[in-house]
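# What the coordinates show
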Amino acid sequence: METISNGWLLRVYFCESDHHDGHPLEEAIVEALQSAGISGATVLRGVAGYGRSSVLHTSHVLRLSEDLPLVIEAVDTPEKVESVLQRLAEIAGDALVTTQPVDIHRPKPR
């Protein structure tokens, strides 16, 4: 593997019951990232978690929760990630948004 560039990892933490303008928040966030030219995004669904409210969200069989934790991850250049932060602040409400530097690696061509 070779390091091809330095980037930023963007993470957005929220619950699947969160919405923006009547649409699931994950759809609004992914569309905002795509519109900003972010190279890719992944929505991850957690099996358990809690946030600022300390309310536990779990996929325990007896609870059949429909409000599980979600995380969206995206990696791109610091400039591209920074360019979308204001838009995320507008649509993500109480979601926790984090960034951190990462090294981007790709396999060497054969």
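The structure displayed is predicted, hence computed values, not measured ones.

Right, let's get into the overall build of the chain. Along the backbone of the chain there are two helices and eight strands. The order of α-helices and β-strands along the chain, N terminus first, is β-β-β-α-β-β-β-β-α-β. For the chain, buried positions account for 31% of its 110 residues. At a minimum sequence separation of 6, the contacts of the chain that also span at least 24 residues come to 78%. By element, 51% of the accessible surface of the chain is carried by carbon and sulfur atoms, the whole surface being about 7400 Å².

Glancing now at helix H2 (residues 78-91). Here H2 is 14 residues long and its end C-alpha atoms lie 20 Å apart, about the 20 Å a rise of 1.5 Å per residue gives. The largest bend along H2 measures about 35° and falls at Leu-85. Within the span of H2, buried status applies to Val-81, Val-84, Leu-88 and Ile-91. Immediately downstream of H2, the backbone of Gly-93 shows phi near 55°, a positive value.

With that out of the way, let us pick up the environment of Gly-40. Structurally, the position occupied by Gly-40 is in the loop between helix H1 (25-35) and strand E4 (41-45). Residue Gly-40 is classed as partly exposed on the basis of its relative accessible area of 33%. In sequence terms Gly-40 and Glu-73 are 33 residues apart; their C-alpha atoms lie 8.5 Å from each other. Not counting the four nearest positions on each side in its chain, Gly-40 is found in contact with Glu-73, Ala-74 and Val-75.

Turning to unusual backbone geometry, a few remarks are in order. Only a minority of non-glycine residues have a phi that is not negative, and only a minority of peptide bonds are not trans. One non-glycine residue, Asp-21, lies in the positive phi region at around 50°. Examined against the element boundaries, Asp-21 turns out to sit in the loop between strand E2 (19-20) and strand E3 (23-24). Residue Asp-21 is classed as exposed on the basis of its relative accessible area of 66%.

Attention shifts here to the pairing of strand E7 (residues 69-76). The element E7 is largely enclosed, with a buried count of six among its eight residues. Of the strand pairs in this sheet, E4 and E7 are connected by five bridges, and their pairing is antiparallel. Among the inter-strand pairings, Arg-45 is bridged to a residue of E7, identified as Leu-70.

Across the chain, the average pLDDT comes to 87, with 88% of residues at 70 or higher. The lowest-confidence element of the chain is strand E6 (residues 57-58), averaging 66 in pLDDT; the highest-confidence one is H1, averaging 97.

Okay, the nonpolar core next. Of all hydrophobic cores here, the largest spans 18 residues; its most connected members are Leu-10, Val-12, Phe-14, Ile-29, Leu-33 and Leu-88. Of all the secondary-structure elements, those providing two or more residues to this core are strand E1 (2-15), H1, E7 and H2.

Scoring rules and cut-offs
Residues numbered from 1 in each chain as written. Predicted model: local features only at pLDDT ≥ 70, side-chain atom pairs only at ≥ 80, totals over all residues. Heavy atoms only, no water. Helix = DSSP H or I, 4+ residues; strand = E, 2+ residues; numbered from the N terminus. Buried < 20%, exposed > 50% of the residue type's maximum accessible area, 1.4 Å probe, protein only. Contact = heavy atoms within 4.5 Å. Areas by Shrake-Rupley, 256 points an atom, 1.4 Å probe, with all protein chains shown as cover. Expected span 1.5 Å × (residues − 1). Bend = angle between axes of the 7 residues up to and from the residue. Pairing = 2+ DSSP bridges. pLDDT = per-residue confidence, 0-100. Core = buried A, V, L, I, M, F, W, Y, C linked by side-chain atoms within 4.5 Å.

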